[in-house]
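# Descriptive analysis of the structure
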Amino acid sequence: MRKSIGLKRRNRPSQSVKTTLPPGSPVFIGEKRVEKIRIDIIDYNENSIKECRDADLKECERLAKGQTVTWINVIGIHDPGIIEGIGSIFNLHPLTIEDIVNTNQRPKMEEFPDYLFIVLKMSTYNDETNNLEMEHVSLILGDNFVISFQEEEGDVFEPVRQRLRSSKGRIRKLKSDYLAYALMDAVVDHYFVAVERMGDWIEEVDDRIVAEPKQEDIQEIHRLKKNILILRKAVWPLREEIGSLEKSASHLIHPETRLFLRDLYDHTIQVIDITETFRDLVGGMHDTYLSGISNRMNEIMKVLTIFSTIFIPLTFIAGVYGTNFDNIPELHFKYGYFAMLGLMLIVALLMLRFFKRRGWI
Amino acid sequence: MRKSIGLKRRNRPSQSVKTTLPPGSPVFIGEKRVEKIRIDIIDYNENSIKECRDADLKECERLAKGQTVTWINVIGIHDPGIIEGIGSIFNLHPLTIEDIVNTNQRPKMEEFPDYLFIVLKMSTYNDETNNLEMEHVSLILGDNFVISFQEEEGDVFEPVRQRLRSSKGRIRKLKSDYLAYALMDAVVDHYFVAVERMGDWIEEVDDRIVAEPKQEDIQEIHRLKKNILILRKAVWPLREEIGSLEKSASHLIHPETRLFLRDLYDHTIQVIDITETFRDLVGGMHDTYLSGISNRMNEIMKVLTIFSTIFIPLTFIAGVYGTNFDNIPELHFKYGYFAMLGLMLIVALLMLRFFKRRGWI
Amino acid sequence: MRKSIGLKRRNRPSQSVKTTLPPGSPVFIGEKRVEKIRIDIIDYNENSIKECRDADLKECERLAKGQTVTWINVIGIHDPGIIEGIGSIFNLHPLTIEDIVNTNQRPKMEEFPDYLFIVLKMSTYNDETNNLEMEHVSLILGDNFVISFQEEEGDVFEPVRQRLRSSKGRIRKLKSDYLAYALMDAVVDHYFVAVERMGDWIEEVDDRIVAEPKQEDIQEIHRLKKNILILRKAVWPLREEIGSLEKSASHLIHPETRLFLRDLYDHTIQVIDITETFRDLVGGMHDTYLSGISNRMNEIMKVLTIFSTIFIPLTFIAGVYGTNFDNIPELHFKYGYFAMLGLMLIVALLMLRFFKRRGWI
Amino acid sequence: MRKSIGLKRRNRPSQSVKTTLPPGSPVFIGEKRVEKIRIDIIDYNENSIKECRDADLKECERLAKGQTVTWINVIGIHDPGIIEGIGSIFNLHPLTIEDIVNTNQRPKMEEFPDYLFIVLKMSTYNDETNNLEMEHVSLILGDNFVISFQEEEGDVFEPVRQRLRSSKGRIRKLKSDYLAYALMDAVVDHYFVAVERMGDWIEEVDDRIVAEPKQEDIQEIHRLKKNILILRKAVWPLREEIGSLEKSASHLIHPETRLFLRDLYDHTIQVIDITETFRDLVGGMHDTYLSGISNRMNEIMKVLTIFSTIFIPLTFIAGVYGTNFDNIPELHFKYGYFAMLGLMLIVALLMLRFFKRRGWI
Amino acid sequence: MRKSIGLKRRNRPSQSVKTTLPPGSPVFIGEKRVEKIRIDIIDYNENSIKECRDADLKECERLAKGQTVTWINVIGIHDPGIIEGIGSIFNLHPLTIEDIVNTNQRPKMEEFPDYLFIVLKMSTYNDETNNLEMEHVSLILGDNFVISFQEEEGDVFEPVRQRLRSSKGRIRKLKSDYLAYALMDAVVDHYFVAVERMGDWIEEVDDRIVAEPKQEDIQEIHRLKKNILILRKAVWPLREEIGSLEKSASHLIHPETRLFLRDLYDHTIQVIDITETFRDLVGGMHDTYLSGISNRMNEIMKVLTIFSTIFIPLTFIAGVYGTNFDNIPELHFKYGYFAMLGLMLIVALLMLRFFKRRGWI
């Protein structure tokens, strides 16, 4: 869902096409982000590790059948043909394939007899556009293999690769379920980076609004709200997803991994907590903005009031002595003019005092 | 519920009539949309397919009793007599018949010993009136047959017919439960088309409001809200309906179809998600509108303020020198008049500077 | 709860009295609506029917003990003595009797060993006062008999009587549970009439507010809100009530009737749905009203602004040439006066153009 | 919580002291309301009744051990020593004693092996201060005895005493559980009195606001909201409390009493219902207030607008003819002055007509 | 989370670092608050007690293995090495260690085979900055030992130490589960102190706003809201945490302690109740503030209106008699000028009367 905060526009053509196709037909819904689909494989057990960049489907099949844990990472999902190829090798259900290529699919976990299917959203905070961007990620957790599908190169899985290569730690000793957990953990951990950036943005906008609200700010608040909407749509389903993964009776999840999934669940709750806090903060920001704007208007109004209210009687006095009556005694006093000016000064000072006492100045 | 956003007006007469009738009496509640009820039949198994347009009830009965899957599509529900005829052939409960002809019936799924009864709302987005229109659709899923009732010709089932005719794919091999699923899937898929159109509409209105809010826009926001209300009323019950269909213990639902129903459930959640997002967006739009309107007023107020506040002291000065005192020394200075004009200019410039420094201009 | 939207005032005296009495004491809380309590009986089985107007308690007892279904309709509940008499004949629990005569009792269903006790609110929309009025109705469903208690003559049960008399249809063949269902169905069906009237009222007010909001309208919106509150208080508990009746394990409810109760439950949900829609609509109406009022104020403000802002500099110019300086060259030009008028015209036109360009006119 | 709407101020000192004491230490938290703790006893069975005012602990012990039902009413809870004395006689858990003397304890029901512990809030509506006051009441329901603790003399239990003395009715025949129920019923019944008074207050404020909102009213609305908060805090937990009492498996609750507890539960729901209605009404009142205030401002604004807008052009015309140009032909017309006055009149009338047509006057 | 209301800024660097490490790696996330980690031990049974300040890990191990109850209090959590050392002695799961040093971890309870892991937030109300500060506290409850981790010296556990030393009371007789309860109880009791202070603050701000709202107050309300957010985040999870501890099937929790945990649960509910009340109060405060501000503006507007509206016609009259028409009869009346002044006075008085009658003055 890169490059656009428009929640659904981009995908329309395909979605409309889709309504005329049988269910289970893999139609890519989204934006093509890489030229060619690429498959990277990491195959490992406790003692050895083998990496293979740009592998072909044959290779995948051969490695996945072995006793080692095989991680097949597919970059690019816009070519349903290749995805279907992978699907037939690993015996994936047509509906699974449909969901892999549908970037609108919300996060979920589905159990199939031979594998678990996990959909996630990978978050990136784009510093230039100040937008949260979501990438569609699917995981297939099978016996001894994990297949991950992502929309484009550049991901949050690099730390997992490093840990695999460094050959130390739990990850090389445990099975494919721990690998799947590690990938999900990387995705969730990355939400923290995204929400921290958003937190900065929120604080920055908040500071600006408290100091001096501008009319443009309302649009920024609007954009913040939309980003929080996107974030909520990605993280709320996660809670149920990881919760049901932890409680799943599938033989693919070993007891040892469950503890880690519980921890992951915990992290998800934390992200949701922060998201909800953001929502409250941005909601309050709107109030602050309105108060600020109205305070500025009040300030302006007050100046007008004081000016008008002071000058109105003065101008009236001048008006009285501007009349052309034959008989206006004051006009002929020697210092009548200065007396009038003095009177005006006194009236003005009295009014200022009145305003000051009321606390209006 | 075509042609009107009025949520209940159209159906009143019949509804009132209904209160005096025994429960289970089929009274058509709605608007007559076709002249004559028409029955179309598609009868198929894996090897053969037979279509029959404008069939009679006898034909229905004969085909439904066979081993092939029979899809009976009834167009028009305004004649309770014919519907009752179908009811007696297929042994439908009186309450089922009552619900088939009541276009106010909300979506639901009911299990009867011999059949499952499913009520849906088919959505159409009317581009001319910019309104979402709902059509009442009922499905009877029995052993080897599906009966669908719709209000008028022109539906979202055409792709299903195409797939049946093309004789390829899952649909010809599986039983009547898959056909019912396919019909429901067509309805739900069509919601995506409707929400995409609404999404466009929302974005268009949003853009317009952000650029320059007009007084008419509040009525458009009002209409959007009503449409979202209609949409929510149609899709929220769907969730429970499809969920309980998936979990139903009925022998009519085969395990193979359950996976597809789970997928359908998923799509429903997605439509609900989008609907709720729309609600949030339109709610925020109202705020944006109010902010925009008030910003415009503020802009106008500011101009008034600055004008008034600048001219008030100037007019006062002119007033002072318009008085008719005998002794006003300044009046007799040679360049008194020009000095006054200069003084006015200076006062005006000082005030402009004051406003500029405060950021009011 | 006739004739008053005041939610609790009318019943105070009795309620205060009540606090000093033991629980289970039947104290009539409400407004006396008929002079004398009257008992009507309809006794029927599949073959015969017997009606008895203004029966006495003896008669009730005799008929209720028979094998025929007996419907005892009690009109007026303000005399606890008579109600207690009925209670002792049918062995009703003191708490049941207390609830029958307490018109504040909310809808509920209670199972007692020998009978089911059902409390309902019968709705009437008073066209004159534009208020929704609720009447307290209680049903006792026993073996072979149903006792209904209502506050005054004139009810929604007439269609049920007609069906009983016409001797056709399900109602004469089935047991007392179906009769109780039929009575409840009549009550719920009547809600549809009430909500339709309210719907008209809401649309009428809505149209008026959209066209031209007046200050009185806020009070009408207020009244609408109160009526919706009353409606919600009557229909929300209905949902739980009918739901638990349907699921009740009581031997008094036959399987055949359960299907009808499920249908009734469905209708209740529909009424609740409409009520909630009303709430949303009336909530939105308030926003529309405020927008409308503020738009009118804005319109007025704009006229003021334009008038002031145009005349302020013109008046200033006149002021300048009204000063009495000895040396104001322009004053002595032959067409100075007309030049000034021309200048004023130009200034006014320039300002009008400025306003037009900004879209303020 | 008498005499103060401040939700927590009064109790601070003790609460702070408490944090340094072990859990289960009885520290009186609240305001001392009586001088000396007094114990009243009523001991009864079906045939005899014995009352004992200002009894000592010995007496309590002796009577409680007998086969008669003993009601020990303790007035005043500020002396932990005496409460601990009672606790040791009846073998109360230290945490129970802590809760008895802590007036901040919220309503709850706790089962202990030998007794049930029930905390309630007794409501009084103070007519002078227009505040709802809550008194902390605890009940210990044991085998053959009930101990009630209250903060001060004057309570809602008088009707229960009357019924005990009058020796008729259920209460003398049944066991201690019915007595406990009767006391709880008295407390809940009294809520109706309190909410009726609040209802009057709300209606009175509402009427006043609809007629003519004043600035002081916002503080009254504020106070109403705080009172409703206090009421909600007292009645919401009651629901769970009485519900779990009804469903409790304790041998202390006899089946006969359960029906009465169900009724009490029902009454509690009714109080909650009214409270929530109050909340809605008071929330709406705030809107009405704001509308009213803004309508008044609008009225004032309109007068200003019409005045200003009518006089602005008139003053301008006068200004034009006040200029000192040598050549202003109109000035020398014989009826020039009257023509000007006529012109002014026409302008004023035209403007009035314009305003009238727009509906501004 | 000391010294900052910024909800996440402070911890960013470490959090970002963390995303590249394997799960279960203890990375200190927070602010270093003490120089050196210090370990204090209290070892006791019913008869003896031994305290040991600044103990080393060896000592810990030796004491924890004994039959006495050992309380190991670790002050400072910024050095993962030492925490891991403790972890390996007591066989703590890597995820537990990760959570101990992550000050962002929300309150939770986790059961592990050998121990229970409890996360809490210790609240301190900073009187200088008027901010609520939270300190991260973790408890490990094992067989015969409790380990507590806190961020800095100075805690709420002092009363527990006193009670241990004084050798009387339950605490020395019971096991480690009661000690853990006592520590949690100390933390929860301290929330009462914090909410009381906040209550004072709220009342103080409320009083100020009711008396005379200032523009700065909106920022104070904003800060109050943020503090309540922090409080809610700390106390809401507590409810679930203590609830599941009470219901836990772990052998580490003895039945005797469960009663105390139920009481603790109760206190937690009370804190949550107060927090929610605060939220309502502060929400209402915002309304009061806005009303107050707008009332002040209205007051100012009214003065302007009355001034303008009174002087506008007077100035107009003066303007009329300032015109230079040759023939203005009034000008030549002897007392014309005084008549004009009289007329002006009458006009002014009439208008004042008009305003008074309308209640505007």
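Residues numbered from 1 in each chain as written. Chains lettered and ligands numbered in written order. Predicted model: local features only at pLDDT ≥ 70, side-chain atom pairs only at ≥ 80, totals over all residues. Heavy atoms only, no water.

Right, let's talk about the side chain of E330(D) for a bit. Note on placement: E330(D) falls in the loop between helix 8 (255-321) and helix 9 (336-358). There is no salt bridge for the buried E330(D), and the closest opposite charge comes from K334(C), which lies 14 Å off by N-O distance. For E330(D), the side chain forms a polar contact with the side chain of Y321(D), separated by 3.2 Å. Contact partners of E330(D), with chain neighbours within four places excluded, come to Y337(C), Y321(D), G336(D) and F325(E). (Helix = DSSP H or I, 4+ residues; strand = E, 2+ residues; numbered from the N terminus. Buried < 20%, exposed > 50% of the residue type's maximum accessible area, 1.4 Å probe, protein only. Lys, Arg positive; Asp, Glu negative; His and termini not counted. Salt bridge = Lys/Arg side-chain N within 4 Å of Asp/Glu carboxyl O. Polar contact = N/O pair within 3.5 Å; in protein donor to acceptor, adjacent residues only side chain to side chain. Contact = heavy atoms within 4.5 Å.)

Another point: the relation of the copies chain D and chain E. For the pair chain D and chain E, the superposition axis carries a translation of 0.1 Å, the fit reaches an RMSD of 0.1 Å, and the rotation angle comes to 72°. With respect to symmetry, the two chain copies, as superposed, fit the operation of a five-fold axis. Considering only C-alpha atoms, the part of chain D nearest the rotation axis is G322(D), at 4.7 Å. Comparing interface residues between copies, only 12% of those in chain D also sit at the interface in chain E, which points to a heterologous contact through distinct surfaces. (Least-squares fit on C-alpha atoms with pLDDT ≥ 70 in both.)

Another aspect to go through is the packing of aromatic side chains. Inspection of every chain in the model, using the stated rule, returns 70 aromatic pairs over all chains. Through a chain of ring-to-ring contacts, three or more aromatic side chains come together here, namely Y321(A), Y335(A), Y337(A), F338(A) and F325(B). For R262(C), the ring lying beneath its charged end belongs to F112(B), and the centroid distance is 5.2 Å. (Phe/Tyr/Trp six-rings, centres within 6.5 Å; stacked < 30°, edge-to-face > 60°. Lys NZ or Arg CZ within 6 Å of the ring centre and 35° of its normal.)

Okay, the relation of the copies chain E and chain A next. The operation relating chain E to chain A is a screw motion whose rotation component is 72°, with 0.1 Å of axial translation and a residual RMSD of 0.1 Å. When you check the interface residues of chain E against chain A, a mere 12% turn up at the interface there too, and the two sides of the contact use different surfaces.

Take the interface of chain D and chain E next. Taken together, the 65 residues of chain D in the interface contact 61 residues of chain E. In total, chain D and chain E occlude about 5,700 Å² of area from one another, counting both sides; carbon and sulfur atoms represent 59% of this. Between K108(D) and D266(E) there is a salt bridge, and its shortest N-O distance comes to 3.3 Å. Applying the counting criterion to the chain D and chain E interface returns 14 residue pairs in polar contact (both at pLDDT 80 or more). (Buried area = accessible area lost by both parts, 1.4 Å probe.)

On to the environment of E151(D). Residue and element names in this part refer to chain D. By the secondary structure assignment, E151 is in the loop between strand 7 (145-150) and helix 5 (158-165). For the pair E151 and L179, spaced 28 residues apart in sequence, the C-alpha separation works out to 20 Å. Within the local environment of E151, its side chain forms a polar contact with the backbone nitrogen of H136, the two atoms lying 2.7 Å apart.

The next thing to look at is the pattern of salt bridges. Applying the stated criterion to the full structure yields 99 salt bridges over all chains. With a closest N to O distance of 3.3 Å, D273(A) and R106(E) form a salt bridge. One end of the pair, D273(A), is in helix 8 (residues 255-321); the other, R106(E), is in the loop between helix 4 (94-101) and strand 4 (108-111), on a second chain. Overlapping salt bridges, with partners in common, bring together D99(A), K108(A), E110(A), R262(B) and D266(B) in one network.

Our focus in this paragraph is the UniProt feature "transmembrane region" (unreviewed entry) in chain A. All names here are of chain A. Here, the residues flagged by UniProt with the feature "transmembrane region" (unreviewed entry) are residues 303-323 and 335-355. The annotated region residues 303-323 carries 90% helix and 0% strand content, and the separation between its end C-alpha atoms amounts to 30 Å. In this annotation, residues 335-355 is assigned 95% helix and 0% strand; the end-to-end C-alpha distance for the span is 30 Å. (UniProt positions renumbered as here; feature names shortened; annotations may be inferred.)

What follows deals with unusual backbone geometry. With glycine set apart, most residues show a phi of negative sign, and most peptide bonds adopt trans. All names here are of chain A. Despite not being glycine, N91 has its phi angle at roughly 65°, a positive value. One can find N91 in the loop between helix 3 (80-90) and helix 4 (94-101). Taking the relative accessible area as the measure of exposure, N91 reaches 53% and is therefore exposed.

Residues and elements named next belong to chain B. With seven of its seven residues buried, strand 3 (residues 69-75) lies for the most part within the structure. The side-chain alternation of strand 3 yields two buried faces, one formed by V69, W71, N73 and I75 and the other by T70, I72 and V74. Sheet topology places strand 1 (residues 38-44) next to strand 3; seven bridges connect them, and they run antiparallel. Bridged to Y44 within strand 3 is V69. (Pairing = 2+ DSSP bridges.)

With that out of the way, let us pick up the sheet that holds strand 7 (residues 145-150) of chain B. Residues and elements named next belong to chain B. As summarised here, the arrangement of the seven strands in space is 2-1-3-7-6-5-4, forming an open sheet in which the pairing is mixed. Looking along the sheet, the strands with just one partner apiece sit at the ends: strand 2 (49-52) and strand 4 (108-111). For this sheet, the mean inter-axis angle between neighbouring strands, taken without regard to orientation, is 15°. On the sheet, helix 2 (residues 57-64) packs against strand 1, strand 2, strand 3 and strand 7 and is oriented at approximately 20° with respect to strand 1. (Axes fitted to C-alpha atoms, helices over the stretch in contact; angles between N-to-C directions.)

On the side of chain A, 61 residues touch chain E, which itself brings 65 residues to the contact. Applying the counting criterion to the chain E and chain A interface returns four salt bridges. Listed by contribution, the elements that provide at least two residues to the side of chain E that touches chain A are helix 1 (12-18), helix 4, strand 4, helix 7 (217-247), helix 8 (255-321) and helix 9 (336-357) of chain E. Of the residues forming the side of chain E that touches chain A, the biggest block, 19 residues, is contributed by helix 8 of chain E. Looking at the side of chain E that touches chain A residue by residue, the class counts come to 28 nonpolar, 19 polar and 18 charged. (Nonpolar A, V, L, I, M, F, W, Y, C, P; charged D, E, K, R; others polar.)

This part takes up the arrangement of the chains. If you take every C-alpha in chain A and every C-alpha in chain C, the smallest gap between them is 9 Å, and the two do not touch. Between chain B and chain E there is no contact, and the shortest C-alpha to C-alpha distance separating them is 9 Å.

Turning to the sheet that holds strand 1 (residues 38-44) of chain D, a few remarks are in order. All names here are of chain D. The strand order across the open sheet formed by seven strands is 2-1-3-7-6-5-4, and the pairing between neighbours is mixed. If you trace the sheet from one side to the other, it starts and ends with strand 2 (49-52) and strand 4 (108-111), each paired once. Taking the axes of each pair of neighbouring strands and ignoring which way they run, one obtains an average angle of 15° across the sheet. In terms of strand pairing, strand 4 meets strand 5 (residues 116-126) through four bridges, oriented antiparallel. By the bridge assignment for strand 5, E111 is matched with L116. Across the sheet, helix 2 (residues 57-65) is in contact with strand 1, strand 2, strand 3 (69-75) and strand 7; its angle to strand 1 comes to roughly 20°. Helix 5 rests against strand 1, strand 2 and strand 3 of the sheet, and its axis sits at about 150° to strand 3.

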